[in-house]
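Take a look at the letters that make up each chain.
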Amino acid sequence: AWLDLLLRGPWDEAYYERRCRIGRMHVRIALPQHYMFGAMNVIRQAVGALLDAQPSDDGAAQRRSLGKILDLELAIMLHTYQEDFIAQRARQEQQAAAKKLTAIATFLRVAEAGSFSAAARQLGMKQSAVSQQIAALEQELGVVLLHRTTRAMMLTEQGEHYRRDMQRVLNA
């Protein structure tokens, strides 16, 4: 069906959209782009072999025409792959930024409240979720922000600098 449509058309908007779906699906399932090149090369060779098996005076012209059609087909798939890949990356970056901003806000609340449990109550979160956000932030920054004991919590020197810097950013 795919090859029949490729060779016979109609090459309308519906045709174009069906081809675009191939590139989008590759992004959705995280299949690397080079698989499209490989698959198209296999198809090119197989159809070329079929053309070679048929006696024809214009076999070379048919191969060139087939090559152009397959190149256009691949270009459509690659274009939509690129568009969707860029959009997917942008969404991932936005989600990561939102997660980091949430962790910073949580850190500031912990610093202000003076404890994980008080900050958790104020934020409407579980204490373990607050602790996990702070630990992830510390790991990402590569510094210890809070000195924790079983009875108390206090900002480290780096934590105090970070708190001041982030508070300045929020107040700007």
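No experiment lies behind these values; they were computed from the predicted model shown. Residues take numbers from 1 onward in each chain, read along the sequence in its written order. For a predicted model such as this one, the threshold for reporting local features is a pLDDT of at least 70, and the threshold for listing and counting side-chain atom pairs is 80 or more; totals across whole chains, interfaces and linings nevertheless cover every residue. Each side-chain value is derived from all of the structure's non-hydrogen atoms; neither hydrogens nor water enter the calculation.

Q: Explain the side chain of T80 to me, please; I cannot follow it from the model alone.
A: A run of H or I in DSSP becomes a helix once it reaches four residues, and a run of E becomes a strand once it reaches two; helices and strands are each numbered from the N terminus. As for its placement among the helices and strands, T80 is situated in helix α4 (residues 59-113). Three exposure classes are used, based on accessible area relative to the maximum for each residue type with a 1.4 Å probe and protein chains only: buried under 20%, partly exposed in between, and exposed over 50%. On the accessibility criterion, T80 (0% relative accessible area) is buried. Two residues form a contact once any of their heavy atoms are found within 4.5 Å. Not counting the four nearest positions on each side in its chain, T80 is found in contact with C20, G23 and R24.

Q: Looking at this structure, I do not really get the environment of L66. What am I missing?
A: Along the chain, the position of L66 falls in helix α4. The sequence separation of L66 and V143 amounts to 77 residues, and the corresponding C-alpha distance is 59 Å. Setting aside chain neighbours within four positions, we find L66 in contact with L7, R44, V47, G48 and L51.

Q: Can you help me understand the confidence of the model for the chain in this one?
A: As a general rule, the predicted coordinates of low-pLDDT regions are not to be interpreted in detail. Confidence in the prediction for the chain averages 91 pLDDT; 100% of positions are at 70 or higher. For every residue, the predictor states its confidence as a pLDDT score lying anywhere from 0 to 100. Taken element by element, the chain is modelled with least confidence in helix α1 (residues 2-8), mean pLDDT 81, and with most confidence in helix α6 (residues 127-141), mean pLDDT 95.

Q: Please explain α4 as it appears in this structure.
A: Because an α-helix completes one turn every 3.6 residues, residues spaced three or four positions apart along the sequence face the same direction. Helix length check: α4 (55 residues) gives 79 Å between terminal C-alpha atoms against 81 Å at 1.5 Å per residue, within 8%. Of the residues one or two after α4, G114 is the one with positive phi, at around 85°. Expected span of a helix, by definition, is 1.5 Å for each gap between consecutive residues, and there is one gap fewer than residues.

Q: Sorry, what's going on with the packing of α4 against α6 here?
A: Working note: a packed helix pair is described by the angle between its axes plus the distance between those axes. Think of each axis as a best-fit line through the C-alpha atoms, taken over the contacting stretch in the case of a helix, with angles from 0 to 180 degrees between the N-to-C directions. Where α4 meets α6, the closest approach of the two axes is 9 Å, and the angle between their N-to-C directions is 110°. In this view, α4 runs roughly perpendicular relative to α6, as classed from their interaxial angle. Relative to α6, α4 is oriented so that their crossing is left-handed. On α6, the residues touching K100, T102, A103, I104, T106, F107 and V110 of α4 are V130, Q133, I134, L137 and E140. Here is the rule for angles: anything less than 35 degrees is roughly parallel, anything more than 145 is roughly antiparallel, 65 through 115 is roughly perpendicular, and the remaining ranges are oblique. With the far helix as reference, a near helix turned anticlockwise by less than a right angle produces a left-handed crossing, and one turned clockwise produces a right-handed crossing.

Q: What is the right way to read the packing of aromatic side chains from this model?
A: To describe a pair of aromatic rings, you give the distance between the ring centres and the angle between the ring planes. Only centres within 6.5 Å qualify two rings of Phe, Tyr or Trp (six-membered ring in Trp) as a pair; their planes then separate them into stacked at under 30 degrees, edge-to-face at over 60, and tilted for everything else. Summed over the entire model, instances satisfying the criterion amount to 2 aromatic pairs. Ring centres of Y81 and F85 lie 6.0 Å apart, and the angle between their planes is 10°; this geometry places the pair in the stacked category. A residue pair is termed a helical-turn pair when its members lie 3 or 4 positions apart in one helix, as Y81 and F85 do in helix α4 at 4 residues. Residues F107 and Y162 carry aromatic rings whose centres are separated by 5.7 Å and whose planes lie at 55° to one another, so their mutual orientation is tilted.

Q: Is there a simple way to explain the layout of surface pockets in this structure?
A: Remark: the empty space left among the atoms is shown by a probe the size of a water molecule rolled over them. Here a cavity is any set of points on a 1 Å grid over the protein atoms alone where a 1.4 Å probe fits but cannot get out, and a pocket is any open set with protein on both sides within 12 Å along at least 5 of 7 lines; a residue lines the site when it has an atom within 4 Å of a point. Grid points are joined across faces, edges and corners, and a volume is the space filled by probe spheres set on the points. Empty space within the largest pocket amounts to approximately 160 Å³. In terms of lining, the largest pocket is formed by S115, F116, S117, Q127, S131, R148, T149, T150, R151, A152 and M153. For the lining of the largest pocket, the secondary structure elements donating two or more residues are α5 (116-123) and α6. Residues are sorted three ways: Asp, Glu, Lys and Arg are charged, Ala, Val, Leu, Ile, Met, Phe, Trp, Tyr, Cys and Pro are nonpolar, and all the rest, Gly among them, are polar. Of the residues that constitute the lining of the largest pocket, the class distribution is 3 nonpolar, 6 polar and 2 charged.

Q: Please explain the pattern of salt bridges as it appears in this structure.
A: Once their charged atoms are close, side chains differing in charge can pair, the charge on each being opposite to the other. The term salt bridge refers to a pairing of a side-chain nitrogen on Lys or Arg with a carboxyl oxygen on Asp or Glu at a separation within 4 Å. One pass over the full model with this rule turns up 11 salt bridges. Through salt bridges that share partners, E17, R24 and D84 make up one connected network.

Q: Where do I start with helix α7 (residues 157-171) in this structure?
A: An ideal rise of 1.5 Å per residue puts 21 Å on 15 residues; α7 measures up with 21 Å between its terminal C-alpha atoms. Every buried residue belonging to α7 is among G159, Y162 and M166, and all of these are buried. Axial view of α7: buried residues confined to an arc of 65°, hence all on one face. Structural note: α7 exposes E157, R168 and N171 on the side pointing more than 90 degrees away from its buried face. Residues of α7 that are buried sit in contact with α4, α6 and β2 (153-155). Regarding the arc, it is the one traced by the directions from the helix axis to the C-beta atoms.

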